[in-house]
Amino acid sequence: MNITESKSWHSRAKLSIPGGVSSPVRAFHAVGGTPRYFVSGVGSRIRDIDGNEYIDLVNSWGPMILGHAHPAVLEAVQSTTKNSFSFGAPNKNEVLLAEEILRRVPSCDRARFVSSGTEAVMTAVRLARAATNRNLIVKFAGCYHGHSDALLVQAGSGVATLGLPNSPGVTPGQTQDTIVLDYNDFQAVEDIFQLRGSEIAAIITEATPANMGLVPPAEGFNKFLADTVHKHGALLILDEVMTGFRISPGGWWGKYGHQEGWEADIYTFGKVIGGGFPIAALAGKAEIMDLLAPMGPVYQAGTLSGNPIATAAGLATLENCTSEVYDQLDNSARVIGAGISAALSAANVNHSYQTGGNLFSFFFKQGLVSNFDDAKKQNTDAFSVFFNSMLQQGIYLPPSAFEAWFVSNAITAQDVASILAAAKVAAEATAASL
Ligand SMILES: Cc1ncc(COP(=O)(O)O)c(C=O)c1O
């Protein structure tokens, strides 16, 4: 595979941008080799600057749920851009997108837009503290909620990929009110609430952790979290930045929470609600959300928040995420995931294939991974071999063993056949490397 141009641009990028990248996992440090510089994408396929084509199983880490350059999203963006790009004032599209989100999650009365998942979560935490008049936040090791200071302790995603337990620059003061527990540990949650329940503002959790690889909640875990916080006058912040409107028309909660009979108090969304543009949101009941300025005293603002183009793209994306689309996403994920697992088994490569709705990932180790400690025991070198073999064969996977894989609705039967054929070769290469 000729990657001369990607190599040359990456050498140049490293002189002007730290590591040559605008977000760390993209640098390929965990898997070795050169990150690809992409120039175009249509449907399920993306093309790099050297003209190589890849079937995309990253999909911009989730937003491209309909595939690249989807005609309806393209049309919405193009027609909106003709009328300027930003006003820093209210616009119709943000109202329509808020209404669409609230229609999908009926337990929410209000949504507020920001520009990234990090901001959505940061604001949710501030709001939870203000609403309860308490300081402590409980999070789980290996969950990633963006890079705000208070939550950058034992985080997943790039922090896990690079093996950084905590980040320099975050002071002890900024994390002194953050309690970190092991995921899926019912007893630890029980214990901390016995000990400090009256000081805890909220538990924040990913609806299903997908930033340490995919780790599904143990049966009843999310309901247990909701029941526990509510018993103690605290709140549940359900981080659906990754799962929101990817797992079902109502996100993770719409598929599982609704059925299991629990509700969160504040939900955070991102990725899919922008269809590839920088937008995210937090949503919840009016009595909590109306604490935000200008209705209440909790401050939050943004120059580009609710931007008309981002909201147009998000709205067009959600409008095209029909129940048929979710069926197809589920089906593609199942066939690809199970097929790759079968290829790994046939090559005698130890692995755990884990799913959460249509999100999935593989841990190169035996046995279920149910928390971050387990996840760290995987063989990341084996993942690198598998990743690089797939890349050489034109399949673009997340360049980290600590990330979930994302299908788009644009994946065809031919794509699936190509992915599974490549996986057979990659599994054998992985076996040979062990
Ligand atoms: C669950 C979760 N929360 C928050 C974030 C942060 O979102 P952003 O990267 O848009 O700041 C992410 C990003 O991957 C995420 O997966």
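Residues numbered from 1 in each chain as written. Predicted model: local features only at pLDDT ≥ 70, side-chain atom pairs only at ≥ 80, totals over all residues. Heavy atoms only, no water.

### Examining the side chain of T118
Inference 1: By the element assignment, T118 lies in helix α4 (residues 117–132).
Inference 2: Looking at T118, its side chain comes within polar contact range of the main-chain nitrogen of H147, at 3.3 Å. (Helix = DSSP H or I, 4+ residues; strand = E, 2+ residues; numbered from the N terminus. Polar contact = N/O pair within 3.5 Å; in protein donor to acceptor, adjacent residues only side chain to side chain.)

### Some thoughts on the sheet that holds strand β10 (residues 280–284)
Inference 1: Strand order across the open sheet formed by 7 strands is β4-β10-β9-β8-β7-β5-β6, with mixed pairing between neighbours. Each having just a single partner strand, β4 (110–114) and β6 (178–181) make up the two edges of the open sheet. Strand after strand, the sheet turns through a mean of 20 degrees between neighbouring axes, direction not considered.
Inference 2: Alignment of strand β5 (residues 136–140) against β6, held across 4 bridges, turns out to be parallel. The residue bridging I137 from the neighbouring strand is T178, located in β6. (Pairing = 2+ DSSP bridges. Axes fitted to C-alpha atoms, helices over the stretch in contact; angles between N-to-C directions.)

### So, the packing of aromatic side chains
Inference 1: In total, this model carries 22 aromatic pairs according to the counting rule given.
Inference 2: Between the aromatic rings of F186 and F224, the centroid separation amounts to 4.9 Å while the plane-to-plane angle is 45 degrees, which identifies the pairing as tilted. Residue F186 is found in helix α7 (residues 186–196), and its partner F224 is found in helix α8 (residues 221–231); the two are separated by 38 residues along the sequence.
Inference 3: Residue F186 is classed as partly exposed on the basis of its relative accessible area, which comes to 30%.
Inference 4: The buried category is assigned to F224, whose relative accessible area is 15%.
Inference 5: A network of ring pairs unites the aromatic residues F28, F364, F383, F386 and F387 as a single cluster. (Phe/Tyr/Trp six-rings, centres within 6.5 Å; stacked < 30°, edge-to-face > 60°. Buried < 20%, exposed > 50% of the residue type's maximum accessible area, 1.4 Å probe, protein only.)

### Points about the site of the ligand
Inference 1: Within the structure, the ligand sits among S116, G117, T118, Y144, H145, G146, E206, N211, D239, V241, M242 and K271.
Inference 2: Within the contact set of the ligand, an oxygen atom lies 2.8 Å away from a backbone nitrogen or oxygen of G117.
Inference 3: Between T118 and the ligand, the recorded distance is 2.7 Å, taken from a side-chain N or O atom to an oxygen atom.
Inference 4: When the ligand sits alone it has 390 Å² of accessible area, and the protein chains cover 81% of it.
Inference 5: Within the shell around the ligand, the residues separate by chemical class into 3 nonpolar, 6 polar and 3 charged. (Near = heavy atom within 4 Å. Areas by Shrake-Rupley, 256 points an atom, 1.4 Å probe, with all protein chains shown as cover. Nonpolar A, V, L, I, M, F, W, Y, C, P; charged D, E, K, R; others polar.)

### Brief notes about unusual backbone geometry
Among all residues save glycine, negative phi is the norm, and among peptide bonds the norm is trans.
Inference 1: A cis amide bond, omega 10 degrees, links A293 with the succeeding residue P294.
Inference 2: Tracing the sequence through the fold places P294 in the loop between α10 (286–289) and α11 (308–320).
Inference 3: Backbone geometry places N133, a non-glycine residue, at a positive phi of 60 degrees.

### Topic: the state of the cysteines
Inference 1: Within the structure shown, the criterion is met by 0 disulfides.
Inference 2: Residue C108 stays outside any disulfide, its sulfur separated by 18 Å from that of C321, the closest cysteine.
Inference 3: Free of any disulfide, C143 has its nearest cysteine sulfur in C108, 19 Å distant. (Disulfide = S-S within 2.5 Å.)

### Some details on the sheet that holds strand β1 (residues 38–42)
Inference 1: Across the sheet, which stays open at both edges, the 4 strands sit in the order β1-β2-β3-β13 with mixed pairing between neighbours. Only two strands of the sheet have a single partner each, and these edge strands are β1 and β13 (395–396).
Inference 2: Where strand β3 (residues 53–56) meets β13, 2 bridges bridge the pair, whose relative direction is parallel. Bridging across to β13, I55 finds its partner in I395.

### What about the side chain of D48?
Inference 1: The topology assignment puts D48 in strand β2 (residues 45–48).
Inference 2: Comment: no salt bridge for buried D48; closest opposite-charge side chain is R36, at 4.1 Å.
Inference 3: With residues up to four places along the chain from it excluded, the contact list for D48 reads I3, R36, Y37, F38, V39 and Y54. (Lys, Arg positive; Asp, Glu negative; His and termini not counted. Salt bridge = Lys/Arg side-chain N within 4 Å of Asp/Glu carboxyl O. Contact = heavy atoms within 4.5 Å.)

### A few points about the environment of V241
Inference 1: Along the polypeptide, V241 turns up in the loop between β8 (235–240) and α9 (251–260).
Inference 2: Between the alpha carbons of V241 and A426 there is a distance of 31 Å; along the sequence they are 185 residues apart.
Inference 3: Sequence-distant contacts of V241, that is, excluding residues within four places in its chain, are made with G117, T268, F269, G270 and K271.

Everything listed is a geometric property; what it means functionally is a separate question.
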